Number of protein chains: 2
Amino acid sequence: MSIPHGEILIDLQAEAPQEVNSDLPVVALSQRGQADFEMLATGALSPLSGFMGADDYHSVLKEMRLSNGLIWSLPIVLPVEDALAEHLKSFGEAVLKGSSGEILGKIKIEDIYKADKEKEAETVFLTSDAAHPGVAALQKLGNWYLAGEVEAYKVPHHGRFSQYRHSPAELRQLFDKKGWKTVVGFQTRNPIHRAHEYLTKCALEFGDGLLIHPIVGETKGDDIPAEIRMECYEAIIDNYFPHRYTVLSVYPAFMRYAGPREAIFHAITRKNYGCTHFIVGRDHAGVGDYYGTYDAQKIFDQFTPEELGIQPLFFEHAFYCKRTNSMATTKTSRAMDHEKIFLSGSKVREMLKNGERLPEEFTRSEVEEILRRHYQNG
Amino acid sequence: MSIPHGEILIDLQAEAPQEVNSDLPVVALSQRGQADFEMLATGALSPLSGFMGADDYHSVLKEMRLSNGLIWSLPIVLPVEDALAEHLKSFGEAVLKGSSGEILGKIKIEDIYKADKEKEAETVFLTSDAAHPGVAALQKLGNWYLAGEVEAYKVPHHGRFSQYRHSPAELRQLFDKKGWKTVVGFQTRNPIHRAHEYLTKCALEFGDGLLIHPIVGETKGDDIPAEIRMECYEAIIDNYFPHRYTVLSVYPAFMRYAGPREAIFHAITRKNYGCTHFIVGRDHAGVGDYYGTYDAQKIFDQFTPEELGIQPLFFEHAFYCKRTNSMATTKTSRAMDHEKIFLSGSKVREMLKNGERLPEEFTRSEVEEILRRHYQNG
C-alpha cells in the first residue's frame, strides 16, 4: 500500500454542532468549490487541511511545491468576489454552504489574498488563451482567495454515485482486506474503449489490483456526462473485468485540463487513495493542442521516485492490430496503418450520432449500446 | 539503466600470452564449467571475478548471500575430482581448457575445499531426490571445489549463436544508444507461444525496451534444443515484435532447475546485462513438482527492493480468452474454463509429434511450423 502524500492521511470530517452561529458570514461553494471541499474533507488532498494560503499558492505556481517543499502542482483555492472578501476580513471564521443552501462546514479565515490570475494561467495551464477551458473558468472566478483550515459537517455529494463514493480511508481499508500490496490507479474522463481496457489490463497483469477511478466532478460541456460514463464502466467491468482484482470508485475532483501539472496532481492524490502505480497516457488531462503529446509523462522526470512516492506507468495510444489479432501500441505491434483499427474521438461521436455501429475491435458492444443510446437521445 | 550487481561490472578478458607455461596443471572445463567461465569472463556474474571460495560457498548455501552480505543465490563453483584436487595443491595457478582442448584462460589457485553436496542439494534444490535433474548433475561432479580469480583469453562459445551473443557491456551500450532507461528482461527456455508474447508485450507497454534473453547453456534432455528455440524466437520477433523496442540476445548460463533460488539468480545477473525489470512467471526455473507454483515469486519478498536493484514483474499463466477475444490471465479475464484456450506442454508435444496443427490462439503459425518440423524429424 502507498504512503499518503506528505505521510499523513487527513480527515476533516467533524460532528455538526446543534446550531451554527447565524452571525457568521457565509461563503456559498460553487460546484468546483464543493468538489475541492469534498476532496479536502475526506483526505484526498492530504496533507492539505484547508484552502491554500498565499505562501503555498505562490510556491505551487512557481515551484510546483508547497512552501514546505512537498510536491504539489495545482492551486487548491477558494475564490471570493471583492465585496465578500472585504466583508470576511472582520471575521475569524465563515460558514460554507452548498449549492442548495445546506451548511457543509466551516472555514477558519486565516488569509485573504489577491489571486494572480495571469501568473496562475501561465504556470498552471501554460497559456493565457481564454479559449482554454481552464483559463476561461479562472477568469470568471472571484479575484480574492480565502484561505484557512476547513471543518466538514457534511460531504456535499447529494448521493450521486453514492455506492461508488469511497474516501481514501475506505479504499485503503478495502485494498488491505483484499491483500493488495500494489494497486494501479486509472484516471479517466472517457468511456472505457478497448484501448483503455487493454492498457489497464496490461498494468493489472503485474499489479495486485486495479482501481478504476473516473473523475466525476465538473468536466467541459462536450465531454460525456459522468452518469453515462458510469453506466459504461459498470457494463464493461461486469462483463470483462474480474471483480476480485478490480475496484470501481469515483474521484470527486473537477477537471482542470491542465495537462502535465494535472497529471502530477492526479498521481499524488491517488497515493492518498492507496495507489502505488498510476497510469499516465498520452496527453493526459490535455485539451486541444495546448500540450505536447508526451509532456504529461515527461513532467514526472522533474521529481525523484522517492518524493513522488507513486510509480507512473506511461502508455502509448492503443489500437486493434489486425496483424496480431490483438490490441497493441506502436511499441508492441509491427502493424502498418492499414492493419490498425482506431477511431478518433470525433469519428466515434459522428458514428454514434448517425446510429452507426462501432466495430467490436474498438468498443465492446455493451459500451457501444449505452453510448449510441446517449448520442441518439441527446 | 540498472546498476550492476555489487555496483561493479567485471571484465576478466585479457590478452592471451604468446606462450602458456606447459608445466602448469590443466583443468578441463565441462559444458557447465564453460558456461560459468563465459559468464564470469564477460561480467555476467559481476561482482564475482572467479569461482567461489569456501566462505562465499557456505554463506550462499546458508544465507543466499556472499560472505560480504551481497545477495547471491547459487554457488558458482569449479568441481574437480579427488586426484586432480590433490595434484593442484602444489601449484599457484592452473590452465583452463575447453572441451576441444583449447586454452581458455587461467585460474589462480586460492582455495580447494570439499563440496557439501548434501547441504548444497537441500538448500539450492530444496530436495535430495536424485530424480531432480540438478541433484542428479551435482552427484556426478567432483567432490572438491577449486576457487580463485579467473583470467579469460578466449570466450568458449565456438561461434554458436554468435550474432546474438552480447556481453553485459555490449548490451548496456546498445540500450544506451537506444535511449532506454527501463529494460524488461525475459528469461526463457521454451519457444515463445502466445502466452509469453502476451506477457512480454504487457511488460513492454510500460517499459522502454524488451530484452528477450533465452538461456542457451545446457538444459535437460527433454527441453527443446536451443537451436530450434532460436529459430522460433527469430520467427516471432521478425513477424510480431517491433525491432525498435526488442532485442534478442542469448544468456550463456546452464539451467539448474533450482526454482526460487534460480529466479533470484536470473534476476540479479540480468542487472549486469542492463535490465531494470525482470519477468518472473509461475514456477520459474522449476521442474516436476519440486516447487510451489508461486515460490519463485514469493522468494523476492525476502529482500528489499534496494538490495535487489531490479524490479521483478510477477505474472500468471496466460491463455486465450474466448469471451474477450484476447490473451488474458485469471487476473484479467472472467472466462469460464470452457472459454479458455490453453494447452499443456505434454499436449503440445503430442499434437506436434502427430503432425496436428496447434491452434492459432495458442501459437503463431510461424512458430508452430518450426516446432512441428522439429518433432516430426526427431
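Residues numbered from 1 in each chain as written. Chains lettered and ligands numbered in written order. Predicted model: local features only at pLDDT ≥ 70, side-chain atom pairs only at ≥ 80, totals over all residues. Heavy atoms only, no water.

## So, unusual backbone geometry
As a reminder, the rule being used: For helices the rule is a DSSP run of H or I covering at least 4 residues; for strands it is a run of E covering at least 2, with both sets numbered from the N terminus onward. Only protein chains enter the accessibility calculation, which uses a 1.4 Å probe. A residue is then buried if its area is under 20% of the maximum for its type, exposed if over 50%, and partly exposed in between.
Residues serine 46 of chain A and proline 47 of chain A are joined by a peptide bond in cis, for which omega reads 10 degrees. Its location among the elements puts proline 47 of chain A in the loop between α1 (31–42) and β2 (50–51). Here the phi dihedral of glutamate 7 of chain A falls at roughly 70 degrees; this positive angle occurs in a residue that is not glycine. Looking at where glutamate 7 of chain A falls in the secondary structure, it is placed in the segment before β1 (26–28). Its identity is not glycine, yet leucine 126 of chain B carries a phi of approximately 60 degrees, on the positive side. Along the polypeptide, leucine 126 of chain B turns up in the loop between α4 (117–125) and α5 (133–140). Residue leucine 126 of chain B is classed as exposed on the basis of its relative accessible area, which comes to 51%.

## A word on the interface of chain B and chain A
Note the following rule: Contacts are assigned to residue pairs that have any heavy atoms within 4.5 Å of one another. The buried area of a pairing is the accessible area, by a 1.4 Å probe, that goes missing from both parts when the two are put together, added over both. A pair is scored as a salt bridge if a Lys or Arg side-chain nitrogen falls within 4 Å of a carboxyl oxygen belonging to Asp or Glu. In protein, a polar contact means a hydrogen-donor-capable atom and an acceptor-capable atom, both N or O and within 3.5 Å, with residues adjacent in sequence counting only if both atoms are side-chain atoms; elsewhere, any N or O pair within 3.5 Å suffices.
Taken residue by residue, the interface counts 36 residues in chain B and 36 residues in chain A. Buried surface at the junction of chain B and chain A, summed over both partners, amounts to about 2,800 Å²; 49% is from carbon and sulfur atoms. When residues of chain B are sorted by the area they lose upon contact with chain A, Glu205, Lys331 and Arg334 of chain B head the list and together hold 29% of the total. Taken together, chain B and chain A are joined by two salt bridges. Between aspartate 301 of chain A and lysine 181 of chain B there is a salt bridge, with the nearest N and O atoms lying 3.9 Å from each other. Our count for the chain B to chain A interface comes out at 22 residue pairs in polar contact (both at pLDDT 80 or more). Only α7 (194–205), α8 (226–240), β12 (311–314) and β14 (326–328) of chain B provide two or more residues apiece to the side of chain B that touches chain A. Among the elements that take part in the side of chain B that touches chain A, α7 of chain B stands out by supplying seven residues, more than any other.

## With respect to the environment of leucine 210 of chain B
Residue and element names in this part refer to chain B. Relative to the helices and strands, leucine 210 resides in strand β9 (residues 209–214). On the basis of relative accessible area, leucine 210 is assigned to the buried category, the value being 0%. Sequence separation between leucine 210 and phenylalanine 241 is 31 residues; the distance between their C-alpha atoms is 9.7 Å.

## A look at the domain arrangement of chain A
All names here are of chain A. Formally: As annotated, the domain borders come from an automatic or database domain assignment. As a working rule, the residues Ala, Val, Leu, Ile, Met, Phe, Trp, Tyr, Cys and Pro are called nonpolar, Asp, Glu, Lys and Arg charged, and the rest polar, with Gly in that last group.
On domain assignment, one finds that chain A holds domain 1 (26–152) and domain 2 (162–316). Once you take the C-alpha centre of each, domain 1 and domain 2 turn out to be 24 Å apart. With 31 residues of domain 1 at the interface, the matching set in domain 2 holds 30 residues. Summing both partners gives a buried area of about 2,600 Å² for domain 1 against domain 2, and 62% of it is carried by carbon and sulfur. Where domain 1 packs against domain 2, one counts four salt bridges. Salt-bridge contacts for arginine 65 lead to glutamate 307; the nearest nitrogen and oxygen are separated by 3.0 Å. Across the domain 1-domain 2 interface, the total number found is 16 residue pairs in polar contact (both at pLDDT 80 or more). Of all the secondary-structure elements, those providing two or more residues to the side of domain 1 that touches domain 2 are α1, α2 (54–63), α4 (117–125) and α5 (133–140). In terms of residues, the side of domain 1 that touches domain 2 owes the most to one element, α1, which gives seven residues. Residue classes in the side of domain 1 that touches domain 2 are distributed as 17 nonpolar, nine polar and five charged.

## Comments concerning the environment of aspartate 23 of chain A
One can find aspartate 23 of chain A in the segment before β1. When the C-alpha positions of aspartate 23 of chain A and phenylalanine 91 of chain A are compared, they lie 9.8 Å apart, and in sequence the two are 68 residues distant.

## Some points on the nonpolar core
This is how the line gets drawn: The definition of a nonpolar core used throughout is a set of buried Ala, Val, Leu, Ile, Met, Phe, Trp, Tyr and Cys residues joined through side-chain atoms within 4.5 Å.
Among the nonpolar cores identified, the biggest contains 92 residues, and Met230, Leu313 and Phe315 of chain A together with Met230, Leu313 and Phe315 of chain B are the most heavily contacted of them. Not counting chain neighbours up to four residues away, the residues in contact with methionine 230 of chain B comprise Phe161, Tyr164, Pro214, Val216, Leu248 and Val250 of chain B.

## Here we look at the environment of phenylalanine 319 of chain A
Residues and elements named next belong to chain A. Checked against the element boundaries, phenylalanine 319 lands in strand β13 (residues 319–321). Sequence separation of phenylalanine 319 and serine 333 is 14 residues, and the distance between their C-alpha atoms is 9.4 Å. Excluding its chain neighbours within four sequence positions, the residues that come into contact with phenylalanine 319 are Ser326, Met327, Ala328, Thr329, Thr330, Ser333, Ala335, Lys340, Ile341 and Phe342.

## Quick notes on the sheet that holds β14 of chain B
All names here are of chain B. Formally: We treat two strands as partners when DSSP finds at least two bridges between them.
Taking strand neighbours across the sheet as the criterion, the three strands line up as β14-β13-β15 in an open arrangement whose pairing is antiparallel. The two strands at the open ends of the sheet, each matched to only one other strand, are β14 and β15 (340–341). Both strand β13 (residues 319–321) and β15 contribute to a ladder of two bridges, which runs antiparallel. Bridged to tyrosine 320 within β15 is isoleucine 341.

## Considering the packing of aromatic side chains
Our working rule: Two aromatic rings from Phe, Tyr or Trp, using only the six-membered ring of Trp, form a pair when their centres are within 6.5 Å; if the ring planes differ by under 30 degrees the pair is stacked, by over 60 it is edge-to-face, and anything between is tilted. Charges are assigned to positions over rings by a cutoff of 6 Å between ring centre and Lys NZ or Arg CZ, combined with an angular limit of 35 degrees from the ring normal.
Inspection of every chain in the model, using the stated rule, returns 15 aromatic pairs over all chains. Ring centres of tyrosine 57 of chain B and tyrosine 145 of chain B lie 5.2 Å apart, and the angle between their planes is 85 degrees; on these two criteria the pair is classed as edge-to-face. Here the residue tyrosine 57 of chain B occupies a position in helix α2 (residues 54–63), and tyrosine 145 of chain B occupies one in strand β7 (residues 144–152), the gap between them amounting to 88 residues. Of the residues examined, tyrosine 57 of chain B reaches a relative accessible area of 0% and is grouped as buried. Take tyrosine 145 of chain B: its relative accessible area is 0%, and that puts it in the buried class. Put simply, the rings of Tyr57, Tyr113 and Tyr145 of chain A touch in pairs and so form one group of aromatic residues. When the ring centre of phenylalanine 254 of chain A is taken as origin, the NZ or CZ atom of arginine 256 of chain A, which lies over that ring, is 3.8 Å away. Sitting over the ring of tyrosine 251 of chain A, arginine 270 of chain A keeps its end group 3.4 Å from the ring centre.

## Focus: helix α12 (residues 345–353) of chain B
Because each turn of an α-helix spans 3.6 residues, side chains separated by three or four positions end up pointing in the same direction. Residue and element names in this part refer to chain B. Convention followed: This arc describes the spread of directions from the helix axis toward the C-beta atoms.
Among the residues of α12, Val348, Met351 and Leu352 are the ones counted as buried. Projection of α12 onto a plane perpendicular to its axis shows the buried side chains occupying an angular sector of 95 degrees, all on one side. Where α12 is buried, its residues touch α13 (365–377). The first or second residue beyond α12 is glycine 355, which carries a positive phi of 70 degrees.

## Looking at the sheet that holds strand β9 (residues 209–214) of chain A
All names here are of chain A. Here is the rule: Axis angles are defined between N-to-C directions and span 0 to 180 degrees, where every axis is a line fitted to C-alpha atoms and, for a helix, only to the segment in contact.
Taken together, the five strands give an open sheet; going across it, the order is β10-β9-β8-β11-β12, and neighbouring strands pair in parallel fashion. With partners counted over all chains shown, the strands left at the sheet margins are β10 (246–248) and β12 (311–314), one partner each. Averaged over all neighbouring strand pairs, the angle between strand axes comes to 25 degrees, with direction disregarded. Strand direction decides the pairing type here: strand β8 (residues 183–188) and β9, joined by six bridges, are parallel. The residue of β9 that forms the bridge with glutamine 187 is histidine 213. Along the sheet, helix α9 (residues 260–272) contacts β8, β9 and β11 (277–280); its crossing angle with β11, the most-contacted strand, is approximately 160 degrees.

## Some details on the packing of helix α12 (residues 345–353) of chain A against helix α13 (residues 365–377) of chain A
Residue and element names in this part refer to chain A. Here is the rule: Small angles under 35 degrees read as roughly parallel and large ones over 145 as roughly antiparallel, with 65 to 115 read as roughly perpendicular and the rest as oblique.
Where α12 meets α13, the closest approach of the two axes is 8 Å, and the angle between their N-to-C directions is 70 degrees. Considered as vectors, α12 and α13 are oriented roughly perpendicular to each other. Contacts from Arg349, Leu352 and Lys353 in α12 reach Glu368, Leu371, Arg372, Tyr375 and Gln376 in α13. Partitioned by chemical class, the residues of the contact of α12 with α13 number three nonpolar, one polar and four charged.

## Section: the state of the cysteines
What counts here: The term disulfide is used for any two cysteine sulfur atoms that are within 2.5 Å.
Following the criterion strictly, the structure yields zero disulfides over all chains and no others. Looking at cysteine 321 of chain B, it has no disulfide partner, and the nearest cysteine sulfur is the one in cysteine 202 of chain B, 13 Å off.

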